[in-house]
Amino acid sequence: MKKDFDIELLEPVPIIKLGEDIVMTDGHTRTTCLIQKGFQYIPTIKETEKLDWEAYSININDCKEKGILSALDLVKYIVPKDIFEEKWDKYCDDVHNKLLYEKDPCNYSALPYWKETTFTKPDNIKVYHESEWNKLSKNAKKEFIKVDKFFRIKHNLEQINNEDLPKNCRYRTFDPNNEKDFDKALEIIQISYPNTDLTKDKLKEYIKNDVYKNELWIFIDKINNGMYTPIAFGIAEFDSLVKEGILEWIQVLPEYRGKGFGKFLVAELLRRMKGKAKFATVSGDCNNISNPIGLYRKTGFAGDSIWYIAYKS
């Protein structure tokens, strides 16, 4: 049923054009209520305030993914006020935090975004950015029984080393259906990190994560006596939500270190991320005698973010 409006009695709904879409910036509840009452025409006005258009763009994409293409579709999503307020507040916080992370991931969190939003930190562990750690008193720091210091740096994926592998070597994508690949990957990791608690079962759990991408698990094989043998192994992840590539494991067998294979491995993983990820991140132990940060800086990573992981008894 068509109804007429008195513009003085009904506040117009603000709208604006973002890209190819004309969107409401406010008044969604009011609009839905009027649609339910049978109104076919609703007064609008051009939005003039400078709002967070990055956040609105995320809102638009999220609506499209849920099939909400106009105010008519909102009628299907009516919920009680308390549920609306709870879910809306959380959604807005999530969008805000996502944008903050994308702008400065290495200073926002000690962890990749997907871990930051899913990992539950034990009560006896405290995480501090260097700026926060430096403000702690000596007495406060004495309460911790152990403190680990980590770097976290970023690659913009614009310039990536394209140097070719030696002719007797090749890159090979890990085969998750081949038990021998799991065995060889675990062997290289355990040789590189003798104190690791990683097992084959844990390694298999990794491929169940949403951030797992098969093309980001790679070996470098070298031909020996007519057969290719793995000498290095790397694992990276891809978070499609924030378009982040994450380097996780980069290992080269001891007898092949210092010959550039670490750089080859990192560069190949970055090349496979490019076009999908907006940026890549990596973290590591500042006290590692192998100086991993040196390797990553040589491959184009930049930044100086430092995090402290402090443990209480």
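Residues numbered from 1 in each chain as written. Predicted model: local features only at pLDDT ≥ 70, side-chain atom pairs only at ≥ 80, totals over all residues. Heavy atoms only, no water.

Caption draft 1: Structural view of the sheet that holds strand β1 (residues 13–18). With respect to topology, three strands assemble into an open sheet ordered β2-β1-β3, the strand pairing being mixed. Each edge of the open sheet is held by one strand with a lone partner, namely β2 (21–24) and β3 (44–46). Across this sheet, the average inter-strand angle for adjacent strands is 40°, counted without regard to direction. In this sheet, β2 lies alongside β1 in antiparallel orientation, the contact comprising four bridges. For Ile-16, the partnering residue across the bridge sits in β2 and is Val-23. (Pairing = 2+ DSSP bridges. Helix = DSSP H or I, 4+ residues; strand = E, 2+ residues; numbered from the N terminus. Axes fitted to C-alpha atoms, helices over the stretch in contact; angles between N-to-C directions.)

Caption draft 2: Just the environment of Arg-272, in detail. Structurally, Arg-272 can be placed in helix α11 (residues 261–273). Polar contacts involving the side chain of Arg-272 include one to the side chain of Thr-173, which spans 2.9 Å. At 2.7 Å, the side chain of Arg-272 forms a polar contact with the backbone oxygen of Glu-215. (Polar contact = N/O pair within 3.5 Å; in protein donor to acceptor, adjacent residues only side chain to side chain.)

Caption draft 3: Highlighting a nonpolar patch on the surface. Judged by side-chain polarity, Val-79, Ile-83, Phe-84 and Trp-88 come together as a nonpolar surface patch covering roughly 340 Å² of accessible area. With respect to the helices and strands, Phe-84 occurs in helix α4 (residues 81–103). (Patch = residues over 30% accessible without salt bridge, like charges linked within 9 Å, V, L, I, M, F, W, Y side chains within 5 Å. Areas by Shrake-Rupley, 256 points an atom, 1.4 Å probe, with all protein chains shown as cover. Salt bridge = Lys/Arg side-chain N within 4 Å of Asp/Glu carboxyl O.)

Caption draft 4: Expanded view of unusual backbone geometry. The phi dihedral of Leu-157 is positive, around 65°, even though this residue is not glycine. Positionally, Leu-157 belongs in the loop between β5 (146–155) and β6 (169–173). Looking at Leu-157, the relative accessible area reads 4%, which means it is buried. Its identity is not glycine, yet Asn-225 carries a phi of approximately 55°, on the positive side. In this fold, Asn-225 is placed in the loop between β7 (217–224) and β8 (227–239). Residue Asn-225 is classed as exposed on the basis of its relative accessible area of 82%. (Buried < 20%, exposed > 50% of the residue type's maximum accessible area, 1.4 Å probe, protein only.)

Structural measurements only, silent on function.
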